[in-house]
Amino acid sequence: MSLGYIIEQAGIPLLLFVICMYYGIRLLVSQDASLIRSKDKEPLKDEKAYAKESGKLLLFFAGATLIMAVLIFVNLYVALGEIVICTIIMGILWKRMNNKYGA
C-alpha cells in the first residue's frame, strides 16, 4: 500500500481531520469564540465556555474523521455509517452547547 493509494482513498477525511484538529486546539488554547462565529452575531452568554465546549466537539469530530479514514480501507459502508452517526451526535451536542452558552 503506497502513500499515493492512501491519499487517493482517504485524502479528504485526513484533510478534514487536520482542519478540525487545528480549530479544536486553537479554540481550547485561545478560548476565543470569534474564531468560528461571525462578528455580526449577537454576543454569547459565556464566550470562554462556548469556545471550550466547541473545541472539544471539534476534537471529537476530528477523531471521528480519522476513524473514518481508517475504516475506508476496511469497508466503505461501515465508514459511511460511522461518519453519519458521529455527525448526528455532533449536531445534537452542538445544539445543546449553543442553547446553554450561546446567545
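Within every chain, residues take consecutive numbers counted from 1 along the sequence as written. Per-residue local features are limited, in this predicted model, to residues with pLDDT of at least 70; the limit for side-chain atom pairs, both in listing and counting, is 80 or more; totals at the level of whole chains, interfaces and linings are taken over all residues. The side-chain numbers reported here are obtained from all heavy atoms of the structure, hydrogens and water having been left aside.

Novice: Which parts of the structure should I look at to understand the environment of Lys41?
Specialist: With respect to the secondary-structure elements, Lys41 resides in the loop between α1 (3–30) and α2 (47–71). Given the relative accessible area of 54%, Lys41 is considered exposed. Only DSSP runs of H or I covering at least 4 residues are called helices, and only runs of E covering at least 2 are called strands; the numbering of each starts at the N terminus. Only protein chains enter the accessibility calculation, which uses a 1.4 Å probe; a residue is then buried when its area is under 20% of its type maximum, exposed when over 50%, and partly exposed in between.

Novice: When you look at the side chain of Arg37 in this model, what are you seeing that I'm missing?
Specialist: Tracing the chain through its elements places Arg37 in the loop between α1 and α2. A positive count includes Lys and Arg, and a negative count includes Asp and Glu. His and the chain ends are not counted in either. Between Lys or Arg on one side and Asp or Glu on the other, a salt bridge is scored when a side-chain nitrogen of the former is within 4 Å of a carboxyl oxygen of the latter. No salt bridge is formed by the buried Arg37. Its closest oppositely charged neighbour is Glu42, at 6.4 Å. Polar contact is defined as a pair of N or O atoms within 3.5 Å, subject to the rule that within protein one atom must be able to donate a hydrogen and the other to accept it, and that residues adjacent in sequence are counted only when both atoms are side-chain atoms. Of the polar contacts made by the side chain of Arg37, one reaches the backbone oxygen of Glu42; its length is 3.0 Å. The contact criterion used is simple: two residues touch if any of their non-hydrogen atoms lie within 4.5 Å. Excluding residues that lie within four positions of it along the chain, Arg37 makes contacts with Glu42, Leu44, Tyr50 and Asn98.

Novice: Which parts of the structure should I look at to understand helix α3 (residues 76–101)?
Specialist: Since the α-helix advances by 3.6 residues per turn, residues separated by three or four positions end up pointing in the same direction. By this rule, a helix spans an expected 1.5 Å times one less than how many residues it contains. If you check α3, its first and last C-alpha atoms are 37 Å apart, about what 26 residues at 1.5 Å a residue would give, namely 38 Å. Those residues of α3 that fall on the buried side of the exposure criterion are Ala79, Glu82, Ile83, Cys86, Met90, Met97 and Tyr101. Looking at the buried residues of α3, the elements they touch are α2. For α3, the capping residue at the N-terminal end is Asn75, with a side-chain oxygen 2.9 Å from the backbone nitrogen of Tyr77.

Novice: It is not clear to me how the environment of Gly4 should be interpreted in this structure. Could you clarify?
Specialist: For Gly4, the position within the fold is in helix α1. Given a relative accessible area of 46%, Gly4 falls into the partly exposed group. Between the alpha carbons of Gly4 and Lys52 there is a distance of 36 Å; along the sequence they are 48 residues apart.

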